[in-house]
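Listed below, chain by chain, are the residues.
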Amino acid sequence: MANQLTYLQALRQGQAQLTAAGQDSSAAQYLLTTAHGWTFTQLVQSYRTVMPAAESQTFQQQLNRVANGEPAQYVLGRANFYGRDFQVTAATLIPRQETEELVAWILAATTPAPIRVLDVGTGSGAIAVSLKAERPAWTVTASDISAAAVAVAQSNAQTLAAPVDFVTGDLFAPVADQRFNVIVSNPPYIDRTEVDVMDESVKRYEPEGALFAANHGLAFYQRFAAELATYLLPGGQFFAEIGYHQGAAVKTIFETALPAATVTVRTDINGHDRMVRVQL
């Protein structure tokens, strides 16, 4: 019977179910470890323990959703980012490892002393909350055009004890009278012509407005380039995530609009162009 399975047996059955459904079998382990807050070692230590009946039923329901293509992070309602658990919903993207690299770059390239930081298009608040948690002296503001996303981000900031000022609106509209030392964004940057090669679960479950941008995915970089000088303080820095094939185009956009700025494109752990920094 299902309620007599050990954790190891439940894990193996879950992996087999996901494999048969054409999904990543590692999600079964992710569901178990994340639900308990376990490391893999702690899961191994529980292998011979019988899974409680109620948990077994919940685990099977979760497996069924993942087998149908739903990302495990949405099934659990949370995702890990920069060592912290963030609530995620259908209103927010699932934060990814590449964005952790962007946060690490910002932390390495800036002072821990008090500065003003703006995160545009905050989504779940992963970037803004992580920066505030790592640099308590910073004053961090985060904006998003989606009120539903801002509500999720506010909840994350409260849960993680990282006080961030949240505003709702398009790009710089909610902070029209303010200037910042650092502005960061993980904007929509996917060209709609790429939809055929995108992961099916991303297309089905993640918010479309946070994925796609006009002008071959470059629209938001063009908008930022036109307005950065207004919202960055002298010597300020802008950081953004970019698509893996957009490095040259994004660099040209910012160098053309801001000829006195220093524009740097950086690759991610996989060697793909993934981040840009514009320093005034």
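All values reported here derive from a predicted model rather than from experimental measurement.

The rules we used
Residues numbered from 1 in each chain as written. Predicted model: local features only at pLDDT ≥ 70, side-chain atom pairs only at ≥ 80, totals over all residues. Heavy atoms only, no water. Pairing = 2+ DSSP bridges. Helix = DSSP H or I, 4+ residues; strand = E, 2+ residues; numbered from the N terminus. Axes fitted to C-alpha atoms, helices over the stretch in contact; angles between N-to-C directions. Contact = heavy atoms within 4.5 Å. Expected span 1.5 Å × (residues − 1). Buried < 20%, exposed > 50% of the residue type's maximum accessible area, 1.4 Å probe, protein only. Arc of directions from axis to C-beta. Salt bridge = Lys/Arg side-chain N within 4 Å of Asp/Glu carboxyl O.

Here's the deal with the sheet that holds strand S8 (residues 262-267)
Taken together, seven strands build an open sheet; the order of strands is S5-S4-S3-S6-S7-S9-S8 and the sheet is mixed. Strands with a single pairing partner mark the edges of an open sheet, and in this sheet they are strand S5 (165-168) and S8. Geometrically, the sheet is characterised by an average inter-axis angle of 15° between neighbouring strands, direction not taken into account. The sheet contact formed by strand S4 (residues 139-144) and S5 spans four bridges and is parallel. Bridging across to S5, aspartate 144 finds its partner in threonine 168. Here helix H8 (residues 147-159) sits on the sheet in contact with S4 and S5, set at roughly 175° to S5. This element, helix H12 (residues 247-257), spans strand S7 (232-241), S8 and strand S9 (273-279) of the sheet and lies at about 165° to S8.

Some remarks on helix H4 (residues 53-67)
With 15 residues, H4 ought to run about 21 Å at 1.5 Å a step, and its terminal C-alpha atoms sit 21 Å apart, in line with that. Three or more residues of H4 are buried, namely Ser56, Phe59, Gln62, Leu63, Val66 and Ala67. One side of H4 carries all its buried residues, which in axial view fall inside an arc of 135°. Turned more than 90 degrees away from the buried face of H4 sit Ala54 and Gln57, all of them exposed. Contact partners of the buried residues in H4: helix H1 (7-20), helix H2 (26-36) and helix H5 (72-76). Positive phi shows up at glycine 69, right after H4, with a value of about 110°.

Some points on the pattern of salt bridges
Tallied over the entire structure, the rule returns six salt bridges. Here arginine 84 makes a salt bridge to glutamate 134, at a shortest N to O gap of 2.8 Å. Placement of arginine 84 in strand S2 (residues 84-87) and of glutamate 134 in helix H7 (residues 126-134) is noted, with a sequence separation of 50 residues between them. A residue is classified by how much of its surface remains accessible, and arginine 84, at 18% relative accessible area, is buried. Under the relative-accessibility criterion, glutamate 134 is labelled partly exposed at 29%. Between aspartate 170 and arginine 223 there is a salt bridge, with its nearest N and O atoms 2.7 Å apart. In this pair, aspartate 170 is assigned in the loop between S5 and strand S6 (180-185) and arginine 223 in helix H11 (residues 219-231), connecting sequence segments 53 residues apart. Overall, the relative accessible area of 31% leaves arginine 223 in the partly exposed class.

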